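Per-entry structural report
Residues per chain, in single letters:
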Amino acid sequence: FNRWGWTNEITAEGVYVFDLYGGNGNDCDPTDGPGSLYGTATVSYFDGEVTVLYEMLDGNVLNEAHVYIGCTPFPLTQGKRRLVPTVAPGQYNFNPDLGGGVTSYTVGPIDVTDLGDSFYTIVHGVACNGGAIDGNNGGSSFDGASVDCVEQPTRGGRLNLFTLYPNPFAREINVKYEYDFDTNVKIEIIDLRGIVVKTYENVNYTKDTIENVTFDLSNALDRFLFIKITSEQGSEVKKIISSNAKH
């Protein structure tokens, strides 16, 4: 995208602290200026729930908060023929009303159990250097909310379901998929060198049927792998990793 910032994949429980920069334009290197550090966003992920805590630094005041949590790197919005990714903050799924300027604010806890073993988050805000603290300072919103996976698009048709579990995997990985059209389906498991480790083909898939395929990957441990699923109308790729791989 032509906007500055990051999407963050969370793959394990824990507390993750992200810096919030402003004024960097299109430069993704915050050390290169002219941007400034405005605060931090602490993402806490435990027991299937996520909270996002904004904390402003050095007298900065947060006036708007926008949080995206989902199973795709970016929010998806409906285009002319299919869902397309966007980074417009107005399309994020959690945009609380702060009631004015605040120095700290919490979004959540939000239930993410339907997103599987990993999810993505983008944290955005509108802030100023100084200003009145006249909002719901230290407040919170969206406690008890939940997030579901949206439909994943392919070119011209829809891949309604494409999930992998468990991920990280110990010896086996399950691939569950569903299309809303009749098609041939091919699944490939590929390593970082481009070598195809495993393949699967369904030459007579019937629309709206949920299929589940199990792959034995005991001979492909200790590394990152990619799963590519291809129909007659497009492909999707997801990353998997073995539970004993070295990060």
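What comes next is a walk through the structure. Quick caveat: nothing in here was measured; it's all calculated off a predicted structure. (Residues numbered from 1 in each chain as written. Predicted model: local features only at pLDDT ≥ 70, side-chain atom pairs only at ≥ 80, totals over all residues. Heavy atoms only, no water.)

This part covers the sheet that holds strand β19 (residues 234-241). Reading across from one edge, β16-β15-β18-β19 is the order of the four strands in this open sheet, with antiparallel pairing throughout. Sheet topology places β16 (196-205) and β19 at the edges, where each strand pairs with a single neighbour. Strand-to-strand twist of the sheet, defined as the mean angle between neighbouring strand axes without regard to direction, takes the value 15°. As defined by bridge partners, strand β15 (residues 183-191) adjoins strand β18 (residues 224-231) across six bridges and the pair is classed as antiparallel. Bridging across to β18, D191 finds its partner in L225. (Pairing = 2+ DSSP bridges. Helix = DSSP H or I, 4+ residues; strand = E, 2+ residues; numbered from the N terminus. Axes fitted to C-alpha atoms, helices over the stretch in contact; angles between N-to-C directions.)

What follows concerns the nonpolar core. In this structure, Y54 and I69 are the most contacted members of the largest nonpolar core, which totals 26 residues. If you list the elements that add at least two residues to this core, you get β3 (36-46), β4 (49-56), β5 (60-70), β8 (104-111) and β9 (119-129). Grouped together as the second largest cluster of nonpolar side chains are 21 residues, F162, L164, F169 and F215 included. (Core = buried A, V, L, I, M, F, W, Y, C linked by side-chain atoms within 4.5 Å. Buried < 20%, exposed > 50% of the residue type's maximum accessible area, 1.4 Å probe, protein only.)

This paragraph deals with the side chain of E188. Of note, E188 is situated in strand β15. What E188 contacts, discounting residues up to four positions off in sequence, is V196, K198, T199, F226, I227 and K228. (Contact = heavy atoms within 4.5 Å.)

Looking now at the environment of V61. Turning to its location among the elements, V61 is positioned in strand β5. Between the C-alpha atoms of V61 and G135, which are 74 residues apart in sequence, the distance is 10.0 Å. Setting aside residues up to four positions removed in sequence, V61 forms contacts with M56, G101, V102, V126, A127, C128, G130, G131, A132 and I133.

The quantities given are spatial measurements derived from coordinates; they are silent on function.
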